[in-house]
Amino acid sequence: MALFSLAVLCSGRGSNLQALIDATSTGTLPARIAAVCSDKPNCTALTRARQAGIATRSLRQRDFPDRAAFDRALFADAAQFAPDLIVLAGYMRIIDPAVVAQWQGRMINIHPSLLPKYPGLRTHQRAIDAGDAEHGASVHYVSAELDGGPVIAQAALPVVAGDTAETLAARLLPLEHHLLVATARLIATGDIALEGGRVVRDGRPLPAPLRLAVDGKLVAA
Ligand code: GRF
């Protein structure tokens, strides 16, 4: 059977992409990254992809009349690689709803908050400002609503006295990497899927998002 294939979309640093690259090369993630696509032709993520020998594609919004035209073109580029799953890993654009619909159940995103808390930007600062005792990250199927699709799995960490957005983000990032790899693994192995708008594990709807345990495994909440 052909190896499960991913297309990863990134806009920046690409540390989550790197975690996926490393996990596919060690076999932790039974998948191959067929392509990395970006809206930022000079981003570090594309450099990481090239260093790993992965095909890259990038487009600039300014070369397209509107957002929908750009999204159609970028996702058409990704589709040429026939990925089983598209992973948004630090892809900083809102995607046209018609394009999202084409990839429903086949596209996930990693977001740095415990969704449904704090969709959008500045998530770490918002968690601190709200006095939250706990913060974290979520991997969810992408729907037309920003950061609003069904959540598959989450990683949590305590907010401690003196935390700033920067310290919290830095502590969360390694957890994000484990979370994204472990979630992609469950999809690649066919254990997790989206059915009827719900996340299903081994044929049964998940009552709550899975949680990342200290051993790096995803467990029932
Ligand atoms: C991560 O915090 C991710 O959750 C968010 O954007 C950041 C991307 O970081 N969506 P990187 O580019 O993977 O290093």
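As a reminder, the structure under discussion sits directly above these lines.
Conventions used here
Residues numbered from 1 in each chain as written. Predicted model: local features only at pLDDT ≥ 70, side-chain atom pairs only at ≥ 80, totals over all residues. Heavy atoms only, no water. Near = heavy atom within 4 Å. Polar contact = N/O pair within 3.5 Å; in protein donor to acceptor, adjacent residues only side chain to side chain. Areas by Shrake-Rupley, 256 points an atom, 1.4 Å probe, with all protein chains shown as cover. 1 Å grid on protein atoms, 1.4 Å probe; cavity = no way out; pocket = protein on both sides within 12 Å on 5 of 7 lines; lining within 4 Å. Sits in = over half its atoms within 2 Å of the grid points. Buried < 20%, exposed > 50% of the residue type's maximum accessible area, 1.4 Å probe, protein only. Helix = DSSP H or I, 4+ residues; strand = E, 2+ residues; numbered from the N terminus. Pairing = 2+ DSSP bridges. Right-handed = clockwise from strand over helix to strand, strands pointing away. Expected span 1.5 Å × (residues − 1). Contact = heavy atoms within 4.5 Å. Phe/Tyr/Trp six-rings, centres within 6.5 Å; stacked < 30°, edge-to-face > 60°. Axes fitted to C-alpha atoms, helices over the stretch in contact; angles between N-to-C directions. Parallel < 35°, antiparallel > 145°, perpendicular 65-115°, else oblique. Left-handed = near helix turned anticlockwise from the far one by under 90°. Nonpolar A, V, L, I, M, F, W, Y, C, P; charged D, E, K, R; others polar. Salt bridge = Lys/Arg side-chain N within 4 Å of Asp/Glu carboxyl O.

A.B. asks: Before we go on, may I ask you to explain the site of the ligand in this structure?
C.D. replies: Surrounding the ligand, one finds Arg-13, Gly-14, Ser-15, Asn-16, Gly-90, Ile-110, Pro-112 and Glu-176. Note that an oxygen atom of the ligand is positioned 2.8 Å from one of the backbone N or O atoms of Gly-14. One of the side-chain N or O atoms of Glu-176 is found 2.7 Å from an oxygen atom in the ligand. Protein chains shield 87% of the accessible area of the ligand, which is 370 Å² for the free molecule. With respect to the detected pockets, the ligand is housed in the largest pocket.

A.B. asks: Help me out: how do you make sense of the pairing of strand E4 (residues 85-88) in this one?
C.D. replies: Each regular strand displays side chains that alternate between the two surfaces of the sheet. Residues Leu-85 and Val-87 line one face of E4 and the alternating positions Ile-86 and Leu-88 line the opposite face, and both faces are buried. Note that strand E1 (residues 4-10) and E4 share four bridges and pair parallel. What sits directly across from Ala-7, in E4, is Ile-86. In the classification by handedness, the crossover that spans E4, the intervening helix H4 (residues 97-102) and the parallel strand E5 (residues 107-111) is right-handed.

A.B. asks: It is not clear to me how helix H1 (residues 15-26) should be interpreted in this structure. Could you clarify?
C.D. replies: The periodicity of an α-helix, 3.6 residues per turn, causes residues three or four places apart in sequence to face the same way. With twelve residues, H1 ought to run about 16 Å at 1.5 Å a step, and its terminal C-alpha atoms sit 17 Å apart, in line with that. When H1 is considered as a whole, its buried residues turn out to be Ser-15, Asn-16, Leu-17, Ala-19, Leu-20, Ile-21, Ala-23 and Thr-24. Contact partners of the buried residues in H1: E1, strand E2 (31-38), helix H2 (44-51), E4, E5 and helix H6 (165-188).

A.B. asks: Explain the packing of aromatic side chains here, please?
C.D. replies: Under the criterion given, the structure shown has two aromatic pairs. Judged by centre distance (5.6 Å) and plane angle (90°), the rings of Phe-64 and Phe-70 are edge-to-face. Take Phe-64: its relative accessible area is 23%, and that puts it in the partly exposed class. Between Phe-75 and Trp-103, the aromatic rings sit 6.5 Å apart at their centres with planes inclined by 50°, giving tilted as the arrangement.

A.B. asks: Sorry if this is basic, but what is going on with the packing of H1 against H6 here?
C.D. replies: Where H1 contacts H6, the axes come no closer than 9 Å and their chain directions differ by 50°. Considering their axes alone, H1 and H6 lie oblique with respect to each other. Crossing of H1 against H6: the hand is right-handed. Side by side, H1 and H6 meet where Ser-15, Asn-16, Ala-19, Leu-20 and Ala-23 of the first sit next to Leu-173, Glu-176, His-177, Leu-180, Val-181 and Ala-184 of the second. Of the residues that constitute the contact of H1 with H6, the class distribution is seven nonpolar, three polar and one charged.

A.B. asks: Please explain the pattern of salt bridges as it appears in this structure.
C.D. replies: Where charged atoms of side chains with opposite charge meet at close range, the side chains can pair. On inspection of all chains with the given rule, the structure shows five salt bridges. Where Asp-71 meets Arg-93, a salt bridge forms, and the shortest distance between an N and an O atom there is 3.5 Å. Of this pair, Asp-71 sits in helix H3 (residues 67-79) while Arg-93 is found in the loop between E4 and H4, placing the two residues 22 residues apart along the sequence. Side by side, Asp-71 and Arg-93 carry an identical accessibility label, which is buried. We note a salt bridge from Arg-171 to Asp-163, for which the minimum N-O separation is 2.8 Å. The exposure class of Arg-171 is partly exposed, given its relative accessible area of 33%.

Any link to function would need more than the numbers given here.
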